[in-house]
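What the coordinates show
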Amino acid sequence: MAYNLLKGKRGIITGALDQNSIAWKVAEKAHEEGATFVLTNAPIAMRMGEINTLAEKTGSKIIPADATNVEELTTLFTESQEILGGKIDFVLHSIGMSVNIRKNIPYTESNYDYFMKGIDVSAMSLHKMLSVAKKLDAINEWGSVVALTYMAAQRTYPFYTDMADIKAMLESIARSFGYHYGMEKKVRINTVSQSPTKTTAGSGIKGFGDFYDFADSIAPLGNADAESCADYCITLFSDLTRMVTMQNLFHDGGYSSTGVSTEIMTKLGIQ
Ligand code: NAI
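Residues numbered from 1 in each chain as written. Predicted model: local features only at pLDDT ≥ 70, side-chain atom pairs only at ≥ 80, totals over all residues. Heavy atoms only, no water.

**Some points on the layout of surface pockets**
Approximately 1,200 Å³ is the volume attributed to the largest pocket. Lining the largest pocket are 46 residues, and of these Ser 94, Ile 95, Gly 96, Met 97 and Ala 201 sit closest to its centre. Those elements that place two or more of their residues in the lining of the largest pocket are α1 (22–32), α3 (70–84), α4 (99–102), α5 (112–136), β5 (139–149), α6 (161–185), α7 (200–203) and α8 (208–218). Broken down by class, the residue content of the lining of the largest pocket amounts to 25 nonpolar, 17 polar and four charged. Reported here for the second largest pocket is a volume of approximately 170 Å³. Of the residues contributing to the lining of the second largest pocket, the split by class is six nonpolar, three polar and three charged. (1 Å grid on protein atoms, 1.4 Å probe; cavity = no way out; pocket = protein on both sides within 12 Å on 5 of 7 lines; lining within 4 Å. Points joined across faces, edges and corners; volume = space filled by probe spheres on them. Helix = DSSP H or I, 4+ residues; strand = E, 2+ residues; numbered from the N terminus. Nonpolar A, V, L, I, M, F, W, Y, C, P; charged D, E, K, R; others polar.)

**Brief notes about α5**
Maximum bend of α5: about 55°, positioned at Met 124. Looking one or two places after α5, you find Asp 137, whose phi comes out positive at around 50°. (Bend = angle between axes of the 7 residues up to and from the residue.)

**Some details on the site of the ligand**
Close to the ligand lie 27 residues, the nearest being Ser 21, Asn 41, Lys 167, Thr 197 and Thr 199. Here an oxygen atom of the ligand sits 2.9 Å away from a polar atom, N or O, in the main chain of Gly 15. In the model, a nitrogen atom of the ligand is placed 2.9 Å from a nitrogen or oxygen of the Ala 67 main chain. For the ligand, whose accessible area on its own is 820 Å², the fraction buried by protein is 92%. (Near = heavy atom within 4 Å. Polar contact = N/O pair within 3.5 Å; in protein donor to acceptor, adjacent residues only side chain to side chain. Areas by Shrake-Rupley, 256 points an atom, 1.4 Å probe, with all protein chains shown as cover.)

**Describing the UniProt feature "active site" (unreviewed entry) in the protein chain**
This chain's UniProt record puts "active site" (unreviewed entry) on Tyr 150 and Tyr 160. The annotated residues that sit in the lining of the largest cavity are Tyr 150. Its place among the elements puts Tyr 150 in the loop between β5 and α6. Assessed through its relative accessible area of 10%, Tyr 150 is described here as buried. Sequence-distant contacts of Tyr 150, defined by excluding residues within four places in its chain, comprise Tyr 157, Tyr 160, Lys 167, Glu 171, Ser 193, Gln 194, Pro 196 and Phe 211. One can find Tyr 160 in the loop between β5 and α6. Setting aside residues no more than four positions away along its own chain, Tyr 160 makes contact with Ile 101, Tyr 150, Ala 152, Lys 167 and Ile 205. (UniProt positions renumbered as here; feature names shortened; annotations may be inferred. Buried < 20%, exposed > 50% of the residue type's maximum accessible area, 1.4 Å probe, protein only. Contact = heavy atoms within 4.5 Å.)

**Brief notes about the environment of Met 246**
Of note, Met 246 is situated in the loop between α9 (226–237) and β7 (248–251). When neighbours within four sequence positions are excluded, Met 246 is seen to be in contact with Ala 174, Arg 175, Gly 178, Tyr 179, Ile 189 and Asn 190.

**Remarks on unusual backbone geometry**
You will see that Asn 4, though not glycine, has its phi angle at about 60°, which is positive. Tracing the backbone through its elements, the reader meets Asn 4 in the segment before β1 (10–14). The phi dihedral of Asn 104 is positive, around 60°, even though this residue is not glycine.

**A word on the UniProt feature "binding site: NAD(+)" (unreviewed entry) in the protein chain**
Feature annotation in UniProt places "binding site: NAD(+)" (unreviewed entry) on Gly 15, Ser 21, Ile 22, Ile 95 and Lys 167, given in this structure's numbering. Lining of the largest pocket among the annotated residues: Gly 15, Ser 21, Ile 22, Ile 95 and Lys 167. Under the relative-accessibility criterion, Gly 15 is labelled buried at 15%. Apart from the residues within four sequence positions on either side, Gly 15 is in contact with Ser 21, Ala 23, Thr 40, Asn 41 and Ser 94. The residue Ile 95 is located in the loop between β4 (88–93) and α4 in this model. A relative accessible area of 16% means that Ile 95 is categorised as buried. Ile 95 has contacts with Thr 14, Ala 67, Val 121, Ser 122, Met 129 and Lys 167, leaving out every residue within four places of it along the chain.

**Quick look at the packing of α5 against α6**
Relative to each other, α5 and α6 sit at 10°, their axes nearing to 9 Å. Between α5 and α6, the angle falls in the class roughly parallel. (Axes fitted to C-alpha atoms, helices over the stretch in contact; angles between N-to-C directions. Parallel < 35°, antiparallel > 145°, perpendicular 65-115°, else oblique.)

**Considerations on empty space enclosed by the protein**
Overall, the coordinates contain two cavities of 30 Å³ or more when judged by the stated rule. Empty space within the largest cavity amounts to approximately 60 Å³. Lining the largest cavity, in full, are Tyr 150, Met 151, Ser 193, Gln 194, Ser 195, Pro 196, Ala 215, Asn 223, Phe 250, Asp 252 and Tyr 255. Looking at side-chain class alone, the lining of the largest cavity contains six nonpolar, four polar and one charged residues. By volume, the second largest cavity amounts to about 30 Å³. Looking at the second largest cavity, the residues that line it are Ala 16, Leu 17, Asn 41, Ala 45, Met 46, Met 48, Gly 49, Glu 50 and Ile 51. Among the residues forming the lining of the second largest cavity, the class breakdown is six nonpolar, two polar and one charged.

See below:
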């Protein structure tokens, strides 16, 4: 059911790689809620061309941009305003990639070139986007920026390797930039800490399937799926949450507040 929560709002949505992507669902919901937006992804990620289907379905234009490249981000924010006919009201940062994870390199033996690449793509890119947007004064007052993160930023999950540190940095950038952008332009910036979700980025993590089941057995409501994550992002883009900023918001079916569940105890044969 749609509520017209984003009627008249203009956005930029990063990270829609395929139908499983969290960003894909956000784009579908934002469209249902009356928003117009530009879709963007790394030029290399567009080779598969799946994003064209989403663009057609939502009546959106696509502007390729590598999120580590300030020049390309400047083009993205400049052209998006031209295409959409005004300043931007919401931005979704849905970008994550670790070469160390991809190559199955243990955390204690992290390759530092890969580590730096991971930081640049998955955390610094948020800073770059915000900095470009602020310089261009491209985001409307009370605009909302949401970046997706994971709880390994607070608690250790050994298989998440360098991405744990990178997500901690991402969340910190949201707070730090949130202060400055909030003071000057009332732009709000939050991170949504999402349950394990079956996407290309998620499934690339070693042991993801088992861990997905574990988290599902702990969370009283079960794992939150991509679609419900999209719903939550829409509320954060809407005016109904206009005093929420600089927060890391857990969207995980209660997982982060649960020590242990009877389901897990039973599975372990303890109860
Ligand atoms: P996904 O693989 O569908 O999305 C990741 C996106 O990042 C892709 O579209 C990819 O093309 C894009 N990307 C990579 N390098 C880029 C670059 N240099 N410039 C621009 N875009 C680039 O996977 P998913 O799961 O939808 O990931 C979205 C976000 O959600 C990520 O930040 C991820 O860490 C986060 N997240 C995912 C969870 C999961 O279990 N899947 C759990 C919690 C957070």
